[in-house]
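Structural characterization, general
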Amino acid sequence: MRVTPDPDTARRLRDGMARGVLSFPLTSFHDDGTLDPDGFRAHVAAQIATAPGAVFPACGTGEFFSLDEDEYRQVVTITVEEAGGRVPVVAGTGYGWAQAVRFARIAEEAGADALLVLPHYLVAAPQDGLVAQLEQIAARTRLPLIAYQRGQVAFGVGAFKRITEIPGVIGLKDGHSDLDRLQRLTLAAPEGFLFFNGASTAEIQARAYATVGVPAYSSAVHAFAPEIADAFFNALHEGDKGDGTVEKLLRDFYVPLVELRDRVPGYAVSLVKAAARLRGRPVGPVRAPLTDPSDADLADLRGLLITGLALVGAAL
């Protein structure tokens, strides 16, 4: 039986997107790989204290793919408790639709406000199948859905129009950075439909995304250096005030970070966790198949982090 999602969620997300970056907290693990609920609670509380536009637990940066259902329940529940209604909580879900619905139901019970539907597992699929995946999930949850196109998921205009008509689908997060395609989608979208820049290290392309009507973005840097992430967001949205903050941060911090990230597959998450540990955050290691950075890469990361923080008047 289809249920109607809360229409207020889209408004809260839109308001939040206008005032701050979107936070994607890391999932804390002990050194033996088990979940560290206390460490996660401390980490997500610190994230929420910086007043992000919304918080997205158990998504890509939060290693959704490595969590079992009980761990997922703890992560979403802790996030909802720490948010206390101050910011929207959008939990990740994914795999095939049947498993995605199991996670969706857990997120509902935990009190999440919405779901980010991560790309389905392994197989390529035609446009009709991509639409059907969202239809099946939407029909089985009261939570609004944000579709995430990345990897094997890429909506053409026709399929996109169909997903915007699915009750409960309120937005699209884009990780392809194909601005031609994205512009076509934004022009085809109904009024009020939400768009998110979900490119890796999204700040690199934030200005380009904004030109096609997608100013909101997720920030992995916020998970370890909210001072840098917020300074960049504010400078970008205030027109830089002539002091060159955006250019300096891009040139001296974000671009070198991307170059370091691209050295090893999986560093888009591993480096973020390593940087958080360098700042004393209780996030622990990554889980296999990801690997923690080498000593040499960790040394480079430390130097880059010191540089970035100094640019915004902060310290390690």
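Here we summarise the structure given alongside this text.

Conventions we followed
Every chain is numbered independently, its residues counted from 1 as its sequence is written. Local features in this predicted model are restricted to residues of pLDDT 70 or higher, and side-chain atom pairs are both shown and tallied only at a pLDDT of 80 or more, whereas totals for entire chains, interfaces and linings draw on every residue. Side-chain measures were taken over the full set of non-hydrogen atoms in the model, leaving aside hydrogen atoms and water. Two strands qualify as a pair provided DSSP detects at least 2 bridges between them. By definition, any uninterrupted DSSP run of H or I lasting at least four residues is a helix, any uninterrupted run of E lasting at least two residues is a strand, and each is numbered from the N terminus. To get an axis, a line is fitted to the C-alpha atoms, and for a helix only the part in contact is used. The angle between two axes follows their N-to-C directions and goes from 0 to 180 degrees. Residues count as neighbours in contact if any of their non-hydrogen atoms are within 4.5 Å of one another. Angle categories are assigned with fixed cut-offs, so that under 35 degrees is roughly parallel, over 145 is roughly antiparallel, 65 to 115 is roughly perpendicular, and the rest are oblique. Helix crossings are classified by the rotation of the near helix relative to the far one: an anticlockwise turn of less than a right angle makes the crossing left-handed, while a clockwise turn makes it right-handed. Classes in brief: Ala, Val, Leu, Ile, Met, Phe, Trp, Tyr, Cys and Pro nonpolar; Asp, Glu, Lys and Arg charged; the others, Gly included, polar. Between buried and exposed lies partly exposed: a residue is buried under 20% and exposed over 50% of the maximum accessible area for its type, with that area taken using a 1.4 Å probe on protein chains only. The span expected for a helix works out to 1.5 Å for each residue beyond the first. Throughout, the arc means the angular range of directions from the helix axis out to the C-beta atoms. Place the viewer so that the strands point away; then a crossover is right-handed whenever the path from the first strand over the helix to the second strand goes clockwise. Charged-residue counts in this description rest on Lys and Arg as positive and Asp and Glu as negative, His and the chain ends being excluded. For salt bridges, the criterion is a side-chain nitrogen of Lys or Arg within 4 Å of an Asp or Glu carboxyl oxygen. Two N or O atoms count as a polar contact when they lie within 3.5 Å, although within protein this holds only if one can serve as hydrogen donor and the other as acceptor, and sequence-adjacent residues are included solely when both atoms are side-chain atoms. Like-charged residues are merged into a patch within 9 Å and nonpolar side chains (Val, Leu, Ile, Met, Phe, Trp, Tyr) within 5 Å, provided each residue has over 30% relative accessible area and no salt bridge. Shrake-Rupley sampling with a 1.4 Å probe provides the accessible areas, and residues are treated as covered by the protein chains on show and by no other component.

1. Concerning the sheet that holds strand β4 (residues 114–117)
The sheet built from 5 strands is open, its strands ordered β3-β4-β5-β6-β7 with parallel pairing. Every other strand in the sheet has two partners, leaving β3 (90–93) and β7 (194–197) as the edge strands with one partner each. Between one strand axis and the next, the sheet turns through 25° on average, direction left out of account. Here 4 bridges tie strand β6 (residues 169–174) to β7, and the two strands are oriented parallel to one another. Opposite L172, over in β7, you have F195 as the bridge partner. Where helix α7 (residues 179–188) meets the sheet, it contacts β5 (145–149), β6 and β7, and its direction lies at approximately 160° from that of β7.

2. Details of the packing of helix α5 (residues 127–138) against helix α6 (residues 157–164)
For the pair α5 and α6, the least separation of the axes is 10 Å and the interaxial angle reads 15°. In terms of orientation, α5 lies roughly parallel with respect to α6. Handedness of the crossing formed by α5 with α6: right-handed. Across the interface between the two elements, Q127, D128, V131 and L134 from α5 touch A159, R162 and I163 from α6. Residues of the contact of α5 with α6, tallied by class, amount to 4 nonpolar, 1 polar and 2 charged.

3. Focus: unusual backbone geometry
Cis peptide bonds are those with omega within 30 degrees of zero, and the linkage from A288 to P289 qualifies with 15°. Position of P289 among the secondary structure elements: in the loop between α11 (267–278) and α12 (295–311). Here E63, not a glycine, exhibits a phi torsion of approximately 55°, which is positive. Mapped onto the elements of the fold, E63 is located in the loop between β2 (54–55) and α3 (69–83). Phi at Y95 takes a positive value of approximately 75°, unusual for a residue other than glycine. Structurally, Y95 is set in the loop between β3 and α4 (97–110). Assessed through its relative accessible area of 24%, Y95 is described here as partly exposed.

4. As for helix α1 (residues 8–19)
With 12 residues, α1 extends 17 Å between its outermost C-alpha atoms, agreeing within 8% with the 16 Å of an ideal straight helix rising 1.5 Å per residue. Of the positions making up α1, those classed as buried are T9, A10, R12, L13, G16 and M17. All buried residues of α1 project into a common sector of 160° when viewed along the axis, lining one side.

5. Structural notes on the pairing of β4
Of the two faces of β4, both are covered, the one formed by A114 and L116 as well as the one formed by L115 and V117. For β3 and β4, the ladder comprises 4 bridges, and the chain directions are parallel. Paired with G92 across the two strands is L116, which belongs to β4. A crossover connection joins β3 to the parallel β4 through α4; in handedness this β-α-β unit is right-handed. Sheet topology places β4 next to β5; 3 bridges connect them, and they run parallel. Opposite V117, over in β5, you have A147 as the bridge partner. The handedness of the β4 to β5 crossover, carried by α5, is right-handed.

6. Details of the side chain of E203
Its place among the elements puts E203 in the loop between β7 and α8 (206–211). Look at E203: it is buried, it has no salt bridge, and the nearest opposite charge is R261 at 8.4 Å. Among the polar contacts made by the side chain of E203, one reaches the side chain of S219 at a distance of 2.7 Å. When neighbours within four sequence positions are excluded, E203 is seen to be in contact with Y217, S219, V221, A229, F232, L250 and Y254.

7. Some details on a nonpolar patch on the surface
A cluster of nonpolar side chains, Y121, L122 and V123, forms an exposed patch at the surface whose accessible area comes to about 360 Å². Relative to the helices and strands, V123 resides in the loop between β4 and α5. Taking the relative accessible area as the measure of exposure, V123 reaches 49% and is therefore partly exposed.

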